[in-house]
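Examining the three-dimensional arrangement
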Amino acid sequence: MNLTVSGLKKILLSPRSHTDAADLDAIRARALFEAPDSAGTKPDRSLADFLAHVSLFEDLGRRDLARLARIVHERDYADGEYICEEGRPGVALFIVRRGVVEVVTRAAGDRDVPLALLEPPASFEETALIGPEMPRWFSVRARGPVSLLGLGKSDLEALSVDFPVMANKVLIRLAALMAARLRTLLDAEFLGESDQRTEGAP
Amino acid sequence: MRAVVVMAYVAAAAAVVLAAYLVWALRSFIVPAFVGGLLAYICRPLVARLERHRIPRGVAVGLLLLVFGVVALVGLNSVRAAIPSETALLELRVRALYALHHRYQALMGLDSSWSHGNGLYRLTHRDLDPLIDRVTDALALTAEERVQFVAPREAGTDTTAAASGRLVEYERTNAHALEMRARRAGRGEPAIKPSAAGPAATAMAEGGAAGLGEVLSSWAIAPLIFLFLLADTGSLKRGLLAAVPNRLFEPALAVLADVDEALGNYVRGIFLECCALGVTVIVFTTLVGVPLRWAIAIGIFTGASNVIPYMGFAAALLGGLAYALLAEDVHPLIPLVTAESFAIWVVVAVVLAELLKNVLYEPLVLGGAVKLHPLVIVSGVVGGAALFGPAGMFLAIPTITIVRVLITSSARHLKAYGLV
């Protein structure tokens, strides 16, 4: 599931055509949603242990992880249930704890086009934690029964008031994660355009 | 589908009725619970700060509870020490009645028969006289009390002879004034208050003790709420959100955040405003000549009353004027104040404190936390008082604030998520 810049370049430079819009969306989705360096997780570990493997919380110590475990919201979703929907505002970050979720985008005729699959301990909707309530770019739905952890923007704001050092560690990690994703995305966009230009050249 | 919707509406209506019944049934616990919650809300950053210094949360909460316990104990002891003894209370009533009559007579230009006065008297006596009569009736000594008060002083058993002589003189003047007022009113005899002793007084004392017991048992909930809310690290919110269906999770999270923000702004704002107003009243009344001890008492009373809109001003005015009425010697820190103009200066001090609150403190510390129309505020306070008594007055504004945010935020977020 890991998608590095070099891996992305390989995909983009492969003989397969990338002119299809859904393919480009898939690349964007992978760059946006996939948690880099995410380790596989055992489903039955404690919540704090699980959170230690989420890339956003890698810098947190045991005490902070235990504190975070008392804040996050555990949610269970049934197969096919939407976790978040494209065009709707987001106020929470989600982390996949058990099961698989599918990132989809709405194509013409209200048809869902699958873009990526996310497994534990991948996180999605990080932008909901920092920005104003911006409409979501993609929808995410459960593929089979899924357990997720939700962390609200208000939860992080409360953390930054009560435990600023801990919140700073999360925010710095979040900034780094988003910067890496932006770089990957820009790279993908640039290479995608180059690919299209090459194919269109006489 | 239609039946499900109808059932949902019926369930919602039943829940509202049940909630209203519970609020009504538990109304005596509302104020203690609110005070416990308020203190917990204010203390949360303190607990977090202690936790940051590696003090376990339980220990931090225990420490805070200990501090509050000590403060409450010291406060209760101070109040108990300030409560006058039976003799001191009689002295206080004699002095208050003397001061009231003396100042009223001077202001209205009344002669010794209390029947002819100046233009102000002629203009206002129909309205003011009944009021003065009622206060006089409340302060005047009964026949037994008079004997109890005068006898030891005239026998010279009292140690401070000069002061005793003055008080006896006050009581004689009071008796004369009562006689004059009775004659003017056409009663012939001065109204003698019935004795407070006997079965009625005993029943009153027993009733008072029972009432105190009830109040104390209601207030036992305050430290429990305080402990529970401070010890909670998020399970309350998680529990609440766990009951919400998945599609409502994010809107509920957003609404809760909005309510929490509004409540936090209100609690912090009103707490700071009450503190600022209390300190201002202490400073201003001290400047005009109220002794610091009494100025602090008036300031605390004013600050606490300010939680109820417009009540802080009334409390400060009442406290200040009560002191001005009883004060015999005035030692102001500003030279303009004299014994004659003391009451006016107390009013000026209170009005200035209220102005400062409205112009400076309210916009600065409360900001937009309570953007309510004055009519809504007055209606809320009056309605709250009519339904729940003092608790209703106390909780009217935070309740209106929460309900308003709950409605506007729910509507906004449900619409944004396409749920309505």
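Residues numbered from 1 in each chain as written. Chains lettered and ligands numbered in written order. Predicted model: local features only at pLDDT ≥ 70, side-chain atom pairs only at ≥ 80, totals over all residues. Heavy atoms only, no water.

Let's talk about the nonpolar core
Among the nonpolar cores identified, the biggest contains 27 residues, and Leu51, Phe57, Leu68, Ile95, Leu151 and Leu159 of chain A are the most heavily contacted of them. Elements supplying a minimum of two residues to this core: α3 (47-52), α4 (62-69), β3 (92-107), β6 (139-152), α6 (153-162) and α7 (164-200) of chain A. When near neighbours in sequence (up to four residues on either side) are disregarded, leucine 51 of chain A contacts Phe57, Leu65, Leu68, Ala69, Ile95 and Leu149 of chain A. Ranked by size, the runner-up nonpolar core spans 26 residues in total, among them Tyr77, Val96 and Ala122 of chain A together with Ala252 of chain B. (Core = buried A, V, L, I, M, F, W, Y, C linked by side-chain atoms within 4.5 Å. Buried < 20%, exposed > 50% of the residue type's maximum accessible area, 1.4 Å probe, protein only. Helix = DSSP H or I, 4+ residues; strand = E, 2+ residues; numbered from the N terminus. Contact = heavy atoms within 4.5 Å.)

Quick look at unusual backbone geometry
The peptide bond linking proline 120 of chain A to proline 121 of chain A adopts the cis configuration, its omega dihedral lying at 0°. Checked against the element boundaries, proline 121 of chain A lands in the loop between β4 (111-118) and β5 (123-124). Residues other than glycine seldom take positive phi values, yet arginine 54 of chain B does so here, at roughly 65°. When you line up the elements, arginine 54 of chain B lands in the loop between α2 (27-52) and α3 (57-82). For arginine 54 of chain B, a relative accessible area of 60% translates into the label exposed.

Things to note about the interface of chain A and chain B
Facing the 29 residues of chain A at the interface are 24 residues of chain B. It is Arg70, His73 and Arg75 of chain A that lose the most area in chain A upon contact with chain B, and together they represent 28% of the buried surface on that side. For the interface between chain A and chain B, the tally reads 4 salt bridges. Put simply, chain A and chain B have 19 residue pairs in polar contact (both at pLDDT 80 or more) between them. Listed by contribution, the elements that provide at least two residues to the side of chain A that touches chain B are α4, β1 (73-77), β2 (82-84), β3 and α6 of chain A. The element contributing the most residues to the side of chain A that touches chain B is β1 of chain A, with 5 residues. (Buried area = accessible area lost by both parts, 1.4 Å probe. Salt bridge = Lys/Arg side-chain N within 4 Å of Asp/Glu carboxyl O. Polar contact = N/O pair within 3.5 Å; in protein donor to acceptor, adjacent residues only side chain to side chain.)

Some points on the environment of glutamate 157 of chain A
Relative to the helices and strands, glutamate 157 of chain A is located in helix α6. In this structure the C-alpha to C-alpha distance between glutamate 157 of chain A and arginine 183 of chain A, which are 26 residues apart in sequence, comes to 27 Å.

Quick notes on the confidence of the model for chain B
The share of residues in chain B with pLDDT of 70 or more is 89%, and the mean pLDDT across the chain is 82. If you check the scores for this complex, the pTM reads 0.73 and the ipTM reads 0.77. (pLDDT = per-residue confidence, 0-100.)

Thoughts on the pairing of β1 of chain A
Residue and element names in this part refer to chain A. In β1, alternate side chains face the same way, and those of His73, Arg75 and Tyr77 are buried while those of Glu74 and Asp76 on the opposite face are not. Here β1 runs beside β6; their pairing, made up of 5 bridges, is antiparallel. Paired with arginine 75 across the strands is leucine 148, a residue of β6. (Pairing = 2+ DSSP bridges.)

Topic: the packing of helix α11 (residues 249-288) of chain B against helix α12 (residues 292-305) of chain B
When two helices pack together, their arrangement is captured by the angle between the axes and the distance separating the axes. Residues and elements named next belong to chain B. It is at 8 Å that the axes of α11 and α12 come closest, and there the two elements cross at 150°. Compared by their axis directions, α11 and α12 come out roughly antiparallel. Note on packing geometry: the crossing formed by α11 with α12 is right-handed. Of the residues in α12, those touching α11 at Cys274, Leu277, Gly278, Val281, Ile282, Thr285 and Thr286 are Leu292, Ala295, Ile296, Ile298, Gly299, Thr302 and Gly303. When the residues that make up the contact of α11 with α12 are grouped by side-chain class, the tally is 8 nonpolar, 6 polar and no charged. (Axes fitted to C-alpha atoms, helices over the stretch in contact; angles between N-to-C directions. Parallel < 35°, antiparallel > 145°, perpendicular 65-115°, else oblique. Left-handed = near helix turned anticlockwise from the far one by under 90°. Nonpolar A, V, L, I, M, F, W, Y, C, P; charged D, E, K, R; others polar.)

Describing the side chain of threonine 105 of chain A
As for its position among the elements, threonine 105 of chain A is in strand β3. Among the polar contacts made by the side chain of threonine 105 of chain A, one reaches the side chain of glutamate 86 of chain A at a distance of 3.3 Å.

Some remarks on the pattern of salt bridges
Residue and element names in this part refer to chain A. In total, this model carries 19 salt bridges over all chains according to the counting rule given. In this structure, arginine 141 engages glutamate 102 in a salt bridge whose closest nitrogen and oxygen atoms are separated by 3.0 Å. Residue arginine 141 is located in strand β6, and its partner glutamate 102 is located in strand β3; the two are separated by 39 residues in the primary sequence. Residue class for arginine 141 comes out partly exposed when judged on its relative accessible area of 21%. Its relative accessible area of 6% is what places glutamate 102 among the buried residues.

A short note on the packing of aromatic side chains
This structure, assessed with the given rule, holds 6 aromatic pairs over all chains. For the pair phenylalanine 34 of chain B and phenylalanine 394 of chain B, a centre-to-centre distance of 5.4 Å together with 80° between the ring planes defines the contact as edge-to-face. Of the two residues, phenylalanine 34 of chain B sits in helix α2 while phenylalanine 394 of chain B sits in helix α16 (residues 390-416), which places them 360 residues apart along the sequence. You can call phenylalanine 394 of chain B buried: its relative accessible area is 14%. One aromatic cluster is present, formed by Phe94 and Phe124 of chain A together with Phe249 of chain B through successive ring pairs. In this arrangement the basic side chain of arginine 67 of chain A is found over the ring face of phenylalanine 163 of chain A, its NZ or CZ atom lying 3.9 Å from the centre. Lying across the ring of phenylalanine 50 of chain A, arginine 97 of chain A places its NZ or CZ 5.6 Å from the centre. (Phe/Tyr/Trp six-rings, centres within 6.5 Å; stacked < 30°, edge-to-face > 60°. Lys NZ or Arg CZ within 6 Å of the ring centre and 35° of its normal.)

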